[in-house]
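Close look at the chain arrangement
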Amino acid sequence: MAAPALHPLPEPVALDELIARVGEPVLERRGPPDATVTSVAPLSSAAPGALAFCKAAGARAGGLIASSRATVFAIGETAEIDAADRRCFLRVADPARWFVRAVTALFPDASGHASHPTACIEPGATVGPGCRIGAGAFIGARVTLGRDCVIGPNCSLGDVGLAIERDEAGNPLPYPHLGRLVVGDGVHIGANCVLVRGILEDTQIGDRCQIGNMVNIGHNCAVGDACWISSAAVLCGSATLEDGVMIGAGATVNNHVTIGAGAVVGIGSVVTKSVAPGRRVFGVPAKTLPTMRPL
């Protein structure tokens with residue numbers, strides 16, 4: 001049997017203090033004024049003293065909360081709770097978001113902002129303040145990282161990609177990669193990713209992008225701000241993602257294709273033609289699918 005997903009704190013934290021640390025408005029607070037939090041956990045495995053959250057609405061939320069042993073709950077605006085329940089309830093705009101911020105405040109990253117001793121950062125690379133570089137990662141000389149980036153273990157950033165012409169005998173003639181890889185602020189790149197520097201132009205990753213594990217981004221790609229690229233996705237050379245694009249796990253975007261702002265590409269899709277802003281596409285080849293939910 002798996003161990004309970006219960007994460008204790010070194011010492012209890014007063015709920016008033018936690019609310020102040022989170023910094024997001026609480027629409028309604030109900031329960032003992034002196035409540036404390038001693039752990040965080042899912043609803044299903046929480047123990048007394050735990051902070052949990054419930055995204056469900058209405059009576060369904062009430063049932064889930066009643067079956068939980070947690071003491072403090074972040075709940076939504078429409079969650080129904082038993083008037084006789086004397087535990088503590090925080091009604092917030094988005095319970096999951098509030099919980100994530102609370103856990104981040106309760107469990108600050110003890111590793112600090114640093115590079116793992118086994119990371120290789122070549123002379124000439126620019127690494128902004130607050131960045132963390134994981135074990136075995138390679139950061140090439142033509143790479144610029146903005147502020148507060150997280151680079152996962154075993155990533156390769158700024159090496160060359162596969163681009164060739166042919167010589168007179170038909171043998172491969174690789175393109176020199178003279179461009180850079182420029183990564184914006186607050187970018188999270190998962191483990192085992194490959195981001196290739198540009199050939200003549202730069203490969204660019206915008207601010208606040210979230211990139212999953214084992215993603216490959218080719219030379220000259222341009223990724224806008226706040227894009228979300230799931231695990232094992234591939235962006236072929238010179239692909240463009242405008243702001244706020246979501247790419248599902250295992251999807252491939254062909255070279256020179258543009259995905260418009262806010263568009264969504266479904267899991268495992270192969271995108272061979274440009275996608276208009278806001279569209280949701282799925283399949284091989286990818287086609288518009290109006291009924292597809294956001295990832």
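This report concerns the structure included in the present document. Predicted model only: the values in this text are computed from it and were never measured.

**Comments concerning the overall build of the protein chain**
Secondary structure summary: the protein chain contains three helices and 32 strands in total. Reported as C-alpha extents along the three principal axes, the dimensions of the protein chain are approximately 85 × 45 × 40 Å. When each of the 295 residues of the protein chain is scored for burial, the buried share is 42%. Contacts in the protein chain between residues at least 24 apart in sequence constitute 26% of all its contacts with a sequence separation of at least 6. On the protein chain, roughly 14,800 Å² of surface is accessible, and the fraction owed to carbon and sulfur atoms is 56%. The distance from the centre of the 23 positive side-chain charges to the centre of the 25 negative ones in the protein chain is 7 Å.

**What to know about the packing of aromatic side chains**
Tallied over the entire structure, the rule returns two aromatic pairs. On the numbers, 4.8 Å between centres and 40° between planes, the contact of phenylalanine 53 with phenylalanine 99 is tilted. Taken as a pair, phenylalanine 53 in strand E4 (residues 50-54) and phenylalanine 99 in helix H3 (residues 95-106) lie far apart in primary sequence, 46 residues in all. In this structure phenylalanine 99 comes out as buried when scored by relative accessible area, which is 12%. Consider the rings of phenylalanine 73 and phenylalanine 89, whose centres lie 5.2 Å apart with planes at 15°: the pair is stacked. Taken together, the residues phenylalanine 73 in strand E5 (residues 72-75) and phenylalanine 89 in strand E6 (residues 88-91) connect sequence positions 16 residues apart. The exposure class of phenylalanine 89 is buried, given its relative accessible area of 1%.

**So, the sheet that holds strand E16 (residues 181-183)**
Spatially, seven strands are ordered E8-E11-E16-E19-E22-E25-E28 in an open sheet, and the strand pairing comes out parallel. Since the sheet does not close on itself, it has two edges, and those belong to strand E8 (126-127) and strand E28 (258-259), each with one partner. As judged from the two bridges shared by strand E25 (residues 240-241) and E28, these two strands associate in the parallel manner. Pairing of threonine 240 across the sheet is with threonine 258, part of E28.

**Some remarks on the environment of arginine 86**
If you trace the backbone, arginine 86 turns up in the loop between E5 and E6. The exposed category is assigned to arginine 86, whose relative accessible area is 65%. In the structure, arginine 86 is positioned 15 residues away from threonine 71 in sequence and 9.1 Å away in space, judged by C-alpha atoms.

**Overview of unusual backbone geometry**
With the exception of glycine, most residues fall at negative phi, and the peptide bonds are largely trans. The omega torsion of the bond from valine 284 to proline 285 falls at -5°, within 30 degrees of zero and hence cis. Tracing the backbone shows proline 285 in the loop between strand E31 (280-282) and strand E32 (287-288). Positive phi is not limited to glycine here, since asparagine 154 has a value of about 65°. Relative to the assigned elements, asparagine 154 resides in the loop between strand E12 (150-151) and strand E13 (156-159). Not every positive phi belongs to a glycine, and methionine 214 is a case in point at roughly 60°. Counting through the fold element by element, methionine 214 comes out in the loop between strand E20 (210-211) and strand E21 (216-217). For methionine 214, a relative accessible area of 53% corresponds to the exposed category.

**A look at the sheet that holds E21**
Read from one edge to the other, the open sheet built from eight strands follows the order E7-E10-E13-E18-E21-E24-E27-E30, with strand pairing classed as parallel. Each edge of the open sheet is held by one strand with a lone partner, namely strand E7 (120-121) and strand E30 (270-271). The pairing of strand E27 (residues 252-253) with E30 spans two bridges and is classified as parallel. Within E30, the position partnered with threonine 252 by the bridge is valine 270.

**What to know about helix H1 (residues 15-22)**
Turning to H1, its buried residues are Leu15, Leu18, Ile19 and Val22. Buried residues in H1, looked at end-on, bunch into an arc of 100°, giving them a common side. One or two steps after H1, the chain reaches glycine 23, where phi turns positive at roughly 75°.

**Observations regarding the packing of H1 against H3**
Where H1 contacts H3, the two axes come as close as 9 Å, and the packing angle between them is 105°. Accordingly, the angle class assigned to the pair H1 and H3 is roughly perpendicular. Counting all contacts with H1, which are made through Leu18, Ile19, Arg21 and Val22, the residues of H3 involved are Trp98, Arg101, Ala102, Ala105 and Leu106. In terms of residue class, the contact of H1 with H3 is built from seven nonpolar, no polar and two charged.

Procedures and definitions
- Residues numbered from 1 in each chain as written.
- Predicted model: local features only at pLDDT ≥ 70, side-chain atom pairs only at ≥ 80, totals over all residues.
- Heavy atoms only, no water.
- Helix = DSSP H or I, 4+ residues; strand = E, 2+ residues; numbered from the N terminus.
- Buried < 20%, exposed > 50% of the residue type's maximum accessible area, 1.4 Å probe, protein only.
- Contact = heavy atoms within 4.5 Å.
- Areas by Shrake-Rupley, 256 points an atom, 1.4 Å probe, with all protein chains shown as cover.
- Lys, Arg positive; Asp, Glu negative; His and termini not counted.
- Charge placed at Lys NZ, Arg CZ, Asp CG, Glu CD.
- Phe/Tyr/Trp six-rings, centres within 6.5 Å; stacked < 30°, edge-to-face > 60°.
- Pairing = 2+ DSSP bridges.
- Arc of directions from axis to C-beta.
- Axes fitted to C-alpha atoms, helices over the stretch in contact; angles between N-to-C directions.
- Parallel < 35°, antiparallel > 145°, perpendicular 65-115°, else oblique.
- Nonpolar A, V, L, I, M, F, W, Y, C, P; charged D, E, K, R; others polar.

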